[in-house]
Amino acid sequence: MILIDGKKAAAELREELKKEVSELKTKYNKVPGLTVILIGDMAPSQIYVRNKEKSANEVGLKSEVIKYPEAVEEKTILDKIEELNNDETVSGILVQLPLPKHIDKQKVIEAIAPSKDVDGFHPMNVGNLSSGYESSVPCTPLGCYLMIKKIEPNLNGKKAVMVGRSNLNGKPMAQLLLKENCTVTITHSKTKDLKAECLEADIIVAAVGIPELVKADWVKKDAIVIDVGINKTDKGIVGDVAFEEVSKVAKALTPVPGGVGPMTIACLLKNTIECFKRSQR
Ligand code: GUN
């Protein structure tokens, strides 16, 4: 079984990106900039944002975090986004989710210029991805995709099953694999026989937030299994895949933690650099 080392893959990707940033600096005499907006003081968001900032600095990006208190007005955020949209030194804008209840998430996402939308959440980018046009791609599925391609460069005709249909993961992941000529099934809570669907899969991507849902007898021998889940349980953090038992049947499997997580952040940096390059054309 191949244990997919997300930490190592992310470190390798960061090395490539660092080189690219240095080349861009020589060519344009400036570096891509990432601005993150963080609202409130939720611990997980604080940790994510700190990691993003650290990684951005490591590859040589210009990085800025703008913090607001939980009670900040929606208009203050929308005005700041407008200002950042017009700031030439800002290549990418990310508003850390979740947002406080009084702020309309969709309004915020749509306020970000599609050309600076490093999350790939803007409807323009969602549409472009599904039409097969150039777009920002959400960081988590992009990271999963790169790890799958490393294991199996030719995905032609493979059966891929998404467990979960979220806008963050299941849907964009399906689009990426469809582009690679996979036959894609998106399952969800109303799917009649989830186990039977998974048993058909050459590739399973689990992103539903149910601890250890995908069992060994759901997985075809030699399938590639990607676990996007991060679930807090009595025995610590576990994924959506029963790691121990599935590791005995899968060809390749991502651990939790140390699998998808590190690649997500590296892909955010990649998206920032892509936005910068497109802005220079
Ligand atoms: N919160 C957790 N994951 C994400 C992400 O990928 N993007 C944003 N903006 N917020 C998040």
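Scoring rules and cut-offs
Residues numbered from 1 in each chain as written. Predicted model: local features only at pLDDT ≥ 70, side-chain atom pairs only at ≥ 80, totals over all residues. Heavy atoms only, no water. Core = buried A, V, L, I, M, F, W, Y, C linked by side-chain atoms within 4.5 Å. Buried < 20%, exposed > 50% of the residue type's maximum accessible area, 1.4 Å probe, protein only. Helix = DSSP H or I, 4+ residues; strand = E, 2+ residues; numbered from the N terminus. Contact = heavy atoms within 4.5 Å. Near = heavy atom within 4 Å. Polar contact = N/O pair within 3.5 Å; in protein donor to acceptor, adjacent residues only side chain to side chain. Areas by Shrake-Rupley, 256 points an atom, 1.4 Å probe, with all protein chains shown as cover. Nonpolar A, V, L, I, M, F, W, Y, C, P; charged D, E, K, R; others polar.

Draft legend 1. Expanded view of the nonpolar core. Ranked by internal contacts, the top residues of the largest apolar core, which has 48 residues, are Ile148, Met173, Leu177, Ile203, Val205 and Ile226. Ranked by residues supplied to this core, first place goes to helix H10 (residues 260-279) with nine residues. With residues up to four places along the chain from it excluded, the contact list for Leu177 reads Ile148, Leu155, Ala160, Met162, Cys182 and Val184. Counting 17 residues, the second largest nonpolar core, distinct from the first, contains Val161, Val163, Leu213 and Ala223.

Draft legend 2. Local environment of the site of the ligand. Near the ligand, the surroundings consist of Leu94, Val95, Gln96, Leu97, Asp119 and Phe121. In the model, a nitrogen atom of the ligand is placed 2.9 Å from a nitrogen or oxygen of the Val95 main chain. One nitrogen or oxygen atom from the main chain of Leu97 is found 2.9 Å from a nitrogen atom belonging to the ligand. If the ligand stood free it would expose 280 Å²; the protein chains cover 81% of that surface. The residue makeup of the shell around the ligand, split by class, is four nonpolar, one polar and one charged.

None of this, on its own, says anything about what the molecule does.
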